[in-house]
There are 2 protein chains.
Amino acid sequence: MVDYICSYLDSIRDRRVFPGVQPGFVHDRIPENAPLDGEPWPDIFADVENVIMPGVTHWQSPRMHAYYPALTSYPSMLAEMLTNAINCLGFTWASSPACTELEMIVTNWLGKMIGLPYHFLHNKESDGGGVIQTTASESTLISLLSGRNITIQRYLKLHPDVPIHEIHSKLVAYCSDQAHSSVEKAALIGLVILRYVESDAEYSMTGAKLLEAITEDKKKGLIPFWVCATLGTTGCCSFDDLENVAQVCHKEQLWCHADAAYAGCSFICPEYRKWLKGVDLIDSIALNPSKWLMVHFDCTVMWVRNSSALHCAFNVSPLYLTHEFSGLAIDYMHWQIPLSKRFRSLKLWFVIRSYGVKGLQEHIKKGVKLAEKFESLIKADKRFEIPAKRHLGLVVFRLKGDNMTTETLCKRINSRGKIHCVPANLNGKYVIRFCITSQRTTEQDIETDWKEITDVTNNLLSENSLDIALQEHREVTMKRRIGQY
Amino acid sequence: MVDYICSYLDSIRDRRVFPGVQPGFVHDRIPENAPLDGEPWPDIFADVENVIMPGVTHWQSPRMHAYYPALTSYPSMLAEMLTNAINCLGFTWASSPACTELEMIVTNWLGKMIGLPYHFLHNKESDGGGVIQTTASESTLISLLSGRNITIQRYLKLHPDVPIHEIHSKLVAYCSDQAHSSVEKAALIGLVILRYVESDAEYSMTGAKLLEAITEDKKKGLIPFWVCATLGTTGCCSFDDLENVAQVCHKEQLWCHADAAYAGCSFICPEYRKWLKGVDLIDSIALNPSKWLMVHFDCTVMWVRNSSALHCAFNVSPLYLTHEFSGLAIDYMHWQIPLSKRFRSLKLWFVIRSYGVKGLQEHIKKGVKLAEKFESLIKADKRFEIPAKRHLGLVVFRLKGDNMTTETLCKRINSRGKIHCVPANLNGKYVIRFCITSQRTTEQDIETDWKEITDVTNNLLSENSLDIALQEHREVTMKRRIGQY
């Protein structure tokens, strides 16, 4: 397996990055029922290449430019091998002390690496600290639930006769209209009103617009309680104005959470910390080392100012989970939604030690440099436009004119499978996102990718393109209506 | 690393199963800050044994009897090596088709292996199917949220003028007083009333008691909406009467979820499926192959009858997540709380194929047989009692008499580190849980473990035991009050 993995990653450039399969393709390659008797390992192993690989979207490919990255690396994989062999569950300190303690230490390391204030670190003076969550979605949900709980408690103190559900019905959460879909999901789960604040011309939520919305809602008798500021949106990697948003939240007593899932990784480079201004006033922040720091998924680090807010939201303590040091050590089960957690700090520890802070900074800088190169190639081609400023490793672009041509371009690129991109909708404009992801991507790759894009574009525009695009669009719509399984 | 892992697992019997460390022990062994430059691999690797292992609770040890098991195996580890190398995210079908499709197939395999009705499987005729969740806690939460959503919608149809929050404030969830703490957490998150139904003498929730509670609550104007039936409680592996509970739920239109986290694994043996009677009427069920089927954590398989109930609770669909086959293929992001998921079906697939159904059945049977042996050893010693019937691989026992003697026994056993058990509270009775976990446990181990227990017991009882126990109890209380970090 080790040899197979090394060869897979070494030769990944030769594979089609996006598979050319249809839904149901695995179905015919695997029996309907589990085998009664065990099968020999060579048969199982052979099916990796025969059954699985034809249907894999190769996220580690240098030609993968969709979504935001999910990188892996050898130190990360080695750590996880050990994690899976030990296979301890880290719900309480006692369930595996090293699991809890290493998590406290490496979240402190990473917190310092991005310049977080002292109160976000585990230390004797503060109630704050870091925790590794499964995903950024969960971190958003946890902070929303903690804010919900704190606000209801605070309101109850002032108005002890108001039923909890009346308070609950008035709670309003805020985020930019560019925020990630997980904010909407968190509001659905928390059953609170979510108000999207209109972003400005740079796709950024300003403090003024937020305050305007809060003031309006308060006039209506609603209770604003929580804000998610996005640092690096999914659409175009724009940044909310954290400094002013945080000040508004602080003044209005709202829980302020910063979702820095992708861009937060770049804060290990001091030159990108301008976007973190205001962090000293916020309540929680999360970033995904699983995106850009070569720690494979899942690994989201979340820091909170006030861990007792999490405890109050989640604390349930049956006897089978108490231990001699209950109350003296951190039991991470109170910091998260599931009871159990894997020993995930090992992979963060191995990766940070293997590359060092400098090595990780170089990795970020290289990604940004390649994105700049790609941006300059687009800018030199007058058929294209870049409708949102490039930040970090993400470039969004489109063909000038109607949306349909860019949509067709995106679909054709993906169907050829040489590179993989996904679209986004920026206030009605259909754009293609091109994110530099893999640490294997080189300048040469960017040139090859650009050639692929221009080849497809040349063909597309040389055809009586609009007619053909219309036809293709009709076919896709038809296919959906027919509703194949 | 492969060699280290093999040697770790081969010689795990020689390690102290429960570490003898104090909170903060890792602190002095690791620098305060991340290294600026990368470190050589041998230095990092050496710290596994120097820093980490002294603080690990060895869940794979044959002497580990705490909690419920979390087993690993070579096929499971091999699959995860590959998963971590591919490191694809499976939120939509397109984000890695093989990830979604294999998950559909192996959850069908396992569903058939435990005898689930056809409507819980992925097929063209039904809306049901399986999904791999991170934990059983999350499955419980997801089913509660889906039930909440469905009930609010149904109620709104009948009473369109009632505000959602008024309906919400009346929702009541039910579980046995023996249910897992994750049910309480789910109710806290869903912000619904949770009512504990008193279990009977066998620690089982009956349909009659449930109906009584529902009827009472309806008289008060409340809206019963969701029930969690536990198949294999954490305290003593008791079983709610699913057949009658499901009938009550069906009649009263409540979502019925079965939490079979541990015991569900045993249902691959037909002789244990008696506890599943009634499953054809329920809405969702979850079990953890990560507990007893040698698939390492995390891996919870959840089956639902009506996947659109999950969709309605969680569906958010931004453009960057749509793809050519949206609507034609399953996008698992709508079946779960986080957006992203790992390629977890690989490890389930490798394990089922490597052992075959028969091999896995033998593994379950061996665990039960060893538990029977341990039970017979206890029964032969008149100083002990078994206050709850043994089911499957869990034996609960205590010293006859007051709770404090058993509590002292449990603490002393753990502090010696040779075997590891945790206590439970069975309606006021302090018991020690002894669960057969590791596939490495042999009859000889059980005898050695029993000798350890009786050695500690002999010492404890030969002292002027009550006085000493009282003193120890005072010391622990004092230590907690002093509140070391």
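Residues numbered from 1 in each chain as written. Chains lettered and ligands numbered in written order. Predicted model: local features only at pLDDT ≥ 70, side-chain atom pairs only at ≥ 80, totals over all residues. Heavy atoms only, no water.

Within an unreviewed UniProt entry, the label attached to chain A reads Histidine decarboxylase, and the organism entered is Callosobruchus maculatus. According to the UniProt record, the Sequence similarities (unreviewed entry) comment for chain A is "Belongs to the group II decarboxylase family." (UniProt positions renumbered as here; feature names shortened; annotations may be inferred.)

Engineer: It is not clear to me how the overall build of chain A should be interpreted in this structure. Could you clarify?
Structural biologist: Looking only at helices and strands, chain A has 15 helices and eleven strands in total. Relative to a compact globule of 485 residues, whose C-alpha radius of gyration would be 23 Å, chain A shows 24 Å and is just as compact. Based on the C-alpha atoms only, the size of chain A along its principal axes is roughly 70 × 60 × 50 Å. Taken across its 485 residues, chain A has 65% of its residues classed as buried. At a minimum sequence separation of 6, the contacts of chain A that also span at least 24 residues come to 73%. Here chain A has roughly 16600 Å² of accessible surface; of this, 53% comes from carbon and sulfur atoms. In chain A, which carries 52 positive and 54 negative side-chain charges, the distance between the mean positions of the two groups comes to 4 Å. (Helix = DSSP H or I, 4+ residues; strand = E, 2+ residues; numbered from the N terminus. Rg over C-alpha atoms; globule rule 2.2 N^0.38 Å. Buried < 20%, exposed > 50% of the residue type's maximum accessible area, 1.4 Å probe, protein only. Contact = heavy atoms within 4.5 Å. Areas by Shrake-Rupley, 256 points an atom, 1.4 Å probe, with all protein chains shown as cover. Lys, Arg positive; Asp, Glu negative; His and termini not counted. Charge placed at Lys NZ, Arg CZ, Asp CG, Glu CD.)

Engineer: Please clarify how the nonpolar core should be interpreted in this entry.
Structural biologist: Here is a general trend for soluble globular proteins: nonpolar side chains tend to be buried in one another's company. Membership of the largest hydrophobic core comes to 240 residues, with the highest contact counts inside it found for Trp349 and Leu392 of chain A together with Trp349 and Leu392 of chain B. Excluding residues that lie within four positions of it along the chain, Leu392 of chain B makes contacts with Cys237, Phe239, Tyr262, Ala263, Ser266, Tyr272, Trp275, Trp292, Val368 and Ala371 of chain B. Membership of the second largest hydrophobic core comes to 71 residues, among which are Ile152, Met302 and Val304 of chain A together with Ala286 of chain B. (Core = buried A, V, L, I, M, F, W, Y, C linked by side-chain atoms within 4.5 Å.)

Engineer: When you look at the UniProt feature "modified residue: N6-(pyridoxal phosphate)lysine" (unreviewed entry) in chain A in this model, what are you seeing that I'm missing?
Structural biologist: All names here are of chain A. What UniProt calls "modified residue: N6-(pyridoxal phosphate)lysine" (unreviewed entry) maps, in this numbering, to Lys291. Counting through the fold element by element, Lys291 comes out in helix H10 (residues 289–292). The class of Lys291 is buried, set by a relative accessible area of 15%. The contact partners of Lys291, leaving out residues within four places of it in the chain, are Tyr68, Pro69, Ala70, Leu71, Ala261 and Tyr262.

Engineer: Help me understand the sheet that holds strand E3 (residues 193–197) of chain A in this model?
Structural biologist: Either a parallel or an antiparallel arrangement is found when strands of a sheet pair, and the pairing is made through backbone hydrogen bonds. Residue and element names in this part refer to chain A. Taken in spatial order, the seven strands of this open sheet run E1-E7-E6-E5-E4-E2-E3, and their pairing is mixed. Each edge of the sheet is formed by a strand with only one pairing partner; in this case those strands are strand E1 (129–133) and E3. In this sheet, neighbouring strand axes are inclined to one another by 20° on average, regardless of whether the strands run parallel or antiparallel. When strand E5 (residues 255–259) meets strand E6 (residues 284–287), the two strands line up parallel, connected through three bridges. Among the inter-strand pairings, His257 is bridged to a residue of E6, identified as Ser284. Strand contacts of helix H7 (residues 181–190): strand E2 (171–176), E3 and strand E4 (223–230), with the helix running at about 155° to E3, the strand carrying the most contacts. (Pairing = 2+ DSSP bridges. Axes fitted to C-alpha atoms, helices over the stretch in contact; angles between N-to-C directions.)

Engineer: Would you mind showing me how to read the relation of the copies chain B and chain A here?
Structural biologist: For these two chain copies, the linking operation is a rotation about an axis paired with a shift along it. Superposition record for chain B on chain A: RMSD 0.0 Å, screw rotation 180°, translation along axis 0.0 Å. Overall, the copies show the geometry of a two-fold rotation axis. Looking at the interface residues of chain B, 100% of them are also at the interface in chain A, so both copies use one shared face. (Least-squares fit on C-alpha atoms with pLDDT ≥ 70 in both.)

Engineer: What exactly am I supposed to notice about the pattern of salt bridges here?
Structural biologist: Note on pairing: side chains with opposite charge can pair once their charged atoms come close. Enumeration over the complete set of coordinates arrives at 67 salt bridges over all chains. Of the charged contacts in the structure, one is a salt bridge between Glu271 of chain A and Lys365 of chain A, with a shortest N-O distance of 3.7 Å. Pair noted here: Glu271 of chain A is in the loop between E5 and E6 and Lys365 of chain A is in helix H12 (residues 345–379), with a separation of 94 residues, a long-range link. We classify Lys365 of chain A as partly exposed; its relative accessible area is 39%. Taking the shortest distance from any N to any O, the salt bridge between Arg383 of chain A and Asp381 of chain A comes out at 2.8 Å. On the basis of relative accessible area, Arg383 of chain A is assigned to the partly exposed category, the value being 29%. Relative accessible area serves as the criterion here: at 13%, Asp381 of chain A is assigned to the buried category. Via salt bridges that share partners, Glu80, Asp298, Arg342, Arg344 and Lys347 of chain A together with Glu80, Asp298, Arg342, Arg344 and Lys347 of chain B belong to a single interconnected network. (Salt bridge = Lys/Arg side-chain N within 4 Å of Asp/Glu carboxyl O.)

Engineer: Honestly, the side chain of Glu375 of chain B in this entry has me stumped. Any pointers?
Structural biologist: Tracing the sequence through the fold places Glu375 of chain B in helix H12 (residues 345–379). For Glu375 of chain B, the contacting residues outside a window of four places in its chain are Ile386, Arg390 and Val395 of chain B.

Engineer: Can you help me understand the interface of chain B and chain A in this one?
Structural biologist: Where interface size is given, it is often the accessible area lost as the parts come together that is meant. With 136 residues of chain B at the contact, the number on the chain A side is 136 residues. Around 12100 Å² of area is buried between chain B and chain A when both sides are counted, 68% of it from carbon and sulfur atoms. In terms of surface lost to chain A, no three residues of chain B exceed Tyr320, Leu328 and Arg353 of chain B, which account for 7% of the buried area on that side. Counting across the interface, chain B meets chain A through ten salt bridges. The closest approach of N and O atoms between Glu39 of chain B and Arg353 of chain A, which form a salt bridge, is 2.8 Å. At the surface where chain B touches chain A, the tally comes to 59 residue pairs in polar contact (both at pLDDT 80 or more). Among the residues making up the side of chain B that touches chain A, the classes are represented as 79 nonpolar, 36 polar and 21 charged. (Buried area = accessible area lost by both parts, 1.4 Å probe. Polar contact = N/O pair within 3.5 Å; in protein donor to acceptor, adjacent residues only side chain to side chain. Nonpolar A, V, L, I, M, F, W, Y, C, P; charged D, E, K, R; others polar.)

Engineer: How should the pairing of E4 of chain A be read in this particular structure?
Structural biologist: Successive side chains on a regular strand alternate, one facing one side of the sheet and the next facing the other. All names here are of chain A. Among the eight residues that make up E4, eight are buried, leaving the element largely enclosed by the rest of the structure. One ladder, built from five bridges, connects E2 with E4; its direction is parallel. Following the sheet pairing, Val172 is matched in E4 by Pro224. When E4 meets E5, the two strands line up parallel, connected through five bridges. Its bridge partner being in E5, Cys228 is matched across the sheet by His257.

Engineer: I would appreciate a short explanation of the sheet that holds strand E7 (residues 300–304) of chain B in the present structure.
Structural biologist: Residues and elements named next belong to chain B. Strand order in the open sheet formed by seven strands is E1-E7-E6-E5-E4-E2-E3, and the pairing between neighbours is mixed. Each edge of the open sheet is held by one strand with a lone partner, namely strand E1 (129–133) and strand E3 (193–197). Direction aside, neighbouring strands of the sheet carry axes that sit 20° apart on average. This element, helix H7 (residues 181–190), spans strand E2 (171–176), E3 and strand E4 (223–230) of the sheet and lies at about 155° to E3.

Engineer: Help me understand helix H11 (residues 307–314) of chain B, please; the structure alone is not making it clear to me.
Structural biologist: Because an α-helix completes one turn every 3.6 residues, residues spaced three or four positions apart along the sequence face the same direction. When H11 of chain B is considered as a whole, its buried residues turn out to be Ser307, Ala309, Leu310, Ala313 and Phe314 of chain B. Down the axis of H11 of chain B, the buried set is contained in an arc of 155°. They therefore lie on one face. (Arc of directions from axis to C-beta.)

Engineer: Any chance you could explain the environment of Ala70 of chain A here in plain terms?
Structural biologist: When you line up the elements, Ala70 of chain A lands in the loop between helix H2 (41–52) and helix H3 (74–86). Between the C-alpha atoms of Ala70 of chain A and Arg154 of chain A, which are 84 residues apart in sequence, the distance is 40 Å. The residues touching Ala70 of chain A, leaving out its near neighbours within four places in the chain, are Trp59, Gln60, Ser290 and Lys291 of chain A together with Asn87 and Leu89 of chain B.

Engineer: Explanation requested: H12 of chain B in the structure shown.
Structural biologist: Compared with an ideal rise of 1.5 Å per residue, which puts 35 residues at 51 Å, H12 of chain B spans 42 Å between its outermost C-alpha atoms and falls more than 12% short. The principal kink in H12 of chain B, of about 90°, is found at Gly356 of chain B. (Expected span 1.5 Å × (residues − 1). Bend = angle between axes of the 7 residues up to and from the residue.)

Engineer: Hey, could you run me through the packing of aromatic side chains in this one?
Structural biologist: Any two aromatic rings considered together are summarised by their centre-to-centre distance and by the angle between their planes. Residue and element names in this part refer to chain B. Counting across every chain of the model gives 34 aromatic pairs over all chains. Arranged with centres 5.1 Å apart and planes meeting at 10°, the rings of Trp59 and Tyr67 form a pair that is stacked. For the residue pair Trp59 and Tyr67, the accessibility class agrees, reading buried in each case. Note on Phe374 and Phe434: the rings are 3.6 Å apart at their centroids and 5° apart in plane angle, and the pair reads as stacked. (Phe/Tyr/Trp six-rings, centres within 6.5 Å; stacked < 30°, edge-to-face > 60°.)

Engineer: Sorry, what's going on with the state of the cysteines here?
Structural biologist: By definition, a disulfide links the sulfur atoms of two cysteines through a covalent bond. All names here are of chain A. Using the criterion set out here, one finds zero disulfides over all chains in the structure. In this model Cys269 remains outside any disulfide bridge; the closest cysteine sulfur is found in Cys265, 10 Å from its own. Its sulfur unpaired, Cys421 is 6.3 Å from the next cysteine sulfur, which belongs to Cys410. (Disulfide = S-S within 2.5 Å.)

Engineer: Before we go on, may I ask you to explain the pairing of E3 of chain B in this structure?
Structural biologist: All names here are of chain B. Here five bridges tie E2 to E3, and the two strands are oriented parallel to one another. Note that in E3 the partner of Ser176 across the bridge is Val197. A crossover connection joins E2 to the parallel E3 through H7; in handedness this β-α-β unit is right-handed. (Right-handed = clockwise from strand over helix to strand, strands pointing away.)

Engineer: Looking at this model, I keep getting lost on the packing of H3 of chain A against H12 of chain A. Mind explaining?
Structural biologist: The packing of two helices is summarised by the inter-axis angle and the distance between the axes. Residue and element names in this part refer to chain A. Look at H3 against H12: their axes get within 8 Å of each other, and the N-to-C directions meet at 150°. With respect to H12, the element H3 is oriented roughly antiparallel. Here the hand of the crossing between H3 and H12 comes out right-handed. Residue-level contacts link Pro75, Ser76, Leu78, Ala79, Glu80, Leu82 and Thr83 of H3 to Leu346, Lys347, Phe350, Val351, Ser354 and Tyr355 of H12. Taken together, the residues that form the contact of H3 with H12 break down as eight nonpolar, three polar and two charged. (Parallel < 35°, antiparallel > 145°, perpendicular 65-115°, else oblique. Left-handed = near helix turned anticlockwise from the far one by under 90°.)

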